[in-house]
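Observations on the three-dimensional arrangement
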Amino acid sequence: MRGEAFFVGKPVESLQAMLRQIAAVEASVDSVIPNGRFGQDTARAVASFQRFAHLPQTGKVDLATWNAIVAAFERAAVDIAPPVTIPIWQISQVIAPGEENGHLYLIQGMLLSLSRLFGGFTPPQVNGRLDEPTAAALRWIQRTGGLPETGALDNATWRKLSSLYRSAWGDGTMGRG
């Protein structure tokens, strides 16, 4: 078709990607594979979205449909996106032994929880200070992760601690017993 080139490319691929995300959380919306071509599968997915959004079911993307898709995509992105890792750690950020930092309350809680599952370190108190028991627990994390044993909390140590915590506790029910 002569006018088909208008319906090919990144804007179509973006539309398809948004519809795919929406379909992941809304079963009544047909999923589509983002391939950049507005074919029958995309028209069917658009029509199913229009039905879901109570819009005229044309299978074509007008401004009202586009705006509704964008809004639904933004809502769906929140539902299916992985949670933000807290604390948000800067690559160059380091908390040295002896320092106080609000992030340490969470870190110490994680270490306390991990101490129930693993031997090798004494659980620290949750006090917001990188005191010697916390530094010793961090050195254990660093040793098990093949990192330099500084007792400081840096990006690599945070990532190893987060990974170990997630694999040990998962949804919070693992490791109990």
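Presented here is a report on the structure given in the accompanying data block. (Residues numbered from 1 in each chain as written. Predicted model: local features only at pLDDT ≥ 70, side-chain atom pairs only at ≥ 80, totals over all residues. Heavy atoms only, no water.)

**Points about the overall build of the protein chain**
A tally of helices and strands in the protein chain yields six helices and zero strands. Sequence-ordered secondary structure for the protein chain, helices as α and strands as β, is α-α-α-α-α-α. Residues counted as buried form 33% of the 177 residues belonging to the protein chain. Here the analysis covers contacts within the protein chain between residues at least 6 apart in sequence; of these, 45% occur between residues at least 24 apart. As displayed, the protein chain has an accessible area near 10,600 Å², and 56% of this comes from carbon and sulfur atoms. (Helix = DSSP H or I, 4+ residues; strand = E, 2+ residues; numbered from the N terminus. Buried < 20%, exposed > 50% of the residue type's maximum accessible area, 1.4 Å probe, protein only. Contact = heavy atoms within 4.5 Å. Areas by Shrake-Rupley, 256 points an atom, 1.4 Å probe, with all protein chains shown as cover.)

**Description of the environment of Asn35**
As for its placement among the helices and strands, Asn35 is situated in the loop between helix H1 (10–25) and helix H2 (40–52). Counting along the chain gives 23 residues from Asn35 to Val12, while the straight-line C-alpha distance between them is 8.0 Å. Engagement of the side chain of Asn35 in a polar contact is seen with the backbone nitrogen of Arg37, the distance being 2.9 Å. (Polar contact = N/O pair within 3.5 Å; in protein donor to acceptor, adjacent residues only side chain to side chain.)

**Regarding the packing of H1 against H2**
Remark: H1 packs on H2, axes separated minimally by 11 Å, with the N-to-C direction vectors making an angle of 50°. Of the possible angle classes, the one that applies to H1 and H2 is oblique. Of the two possible hands of crossing, H1 and H2 adopt the one that is left-handed. Residues Leu15, Gln16, Leu19 and Ile22 of H1 pack against Thr42, Ala45, Val46 and Phe49 of H2. A class-by-class count of the residues in the contact of H1 with H2 yields six nonpolar, two polar and no charged. (Axes fitted to C-alpha atoms, helices over the stretch in contact; angles between N-to-C directions. Parallel < 35°, antiparallel > 145°, perpendicular 65-115°, else oblique. Left-handed = near helix turned anticlockwise from the far one by under 90°. Nonpolar A, V, L, I, M, F, W, Y, C, P; charged D, E, K, R; others polar.)

**Things to note about helix H5 (residues 132–144)**
Taking 1.5 Å of rise per residue, 13 residues should cover 18 Å, and H5 covers 18 Å from first to last C-alpha, within 8% of that figure. Inspection of H5 places Thr134, Ala135, Ala137, Leu138, Trp140, Ile141 and Gln142 among the buried residues, and these make up the whole buried set. On its buried face, H5 sits against helix H4 (103–115) and helix H6 (155–169). Once H5 finishes, Gly146 follows within two positions and takes phi at roughly 70°, a positive value. (Expected span 1.5 Å × (residues − 1).)

**Some remarks on the packing of aromatic side chains**
Each aromatic ring pair is characterised by the separation of its centres together with the angle its planes make. Applying the stated criterion across every chain, the model contains three aromatic pairs. Ring geometry for Phe118 against Trp140: centres 5.7 Å apart, planes inclined by 40°, an arrangement best described as tilted. Linking Phe118 in the loop between H4 and H5 with Trp140 in helix H5, this pair joins segments that are 22 residues apart in sequence. Both rings, one in Phe121 and one in Trp140, keep their centres 4.9 Å apart while their planes meet at 45°; by these two values the pair is tilted. On the criterion of sequence distance, the pair formed by Phe121 in the loop between H4 and H5 and Trp140 in helix H5 is long-range, its members being 19 residues apart. The residues Phe121 and Trp140 share a single accessibility class, namely buried. Cluster of aromatic residues (ring-pair linked, three or more members): Phe118, Phe121 and Trp140. (Phe/Tyr/Trp six-rings, centres within 6.5 Å; stacked < 30°, edge-to-face > 60°.)

These values are about where atoms sit, not about what they do.
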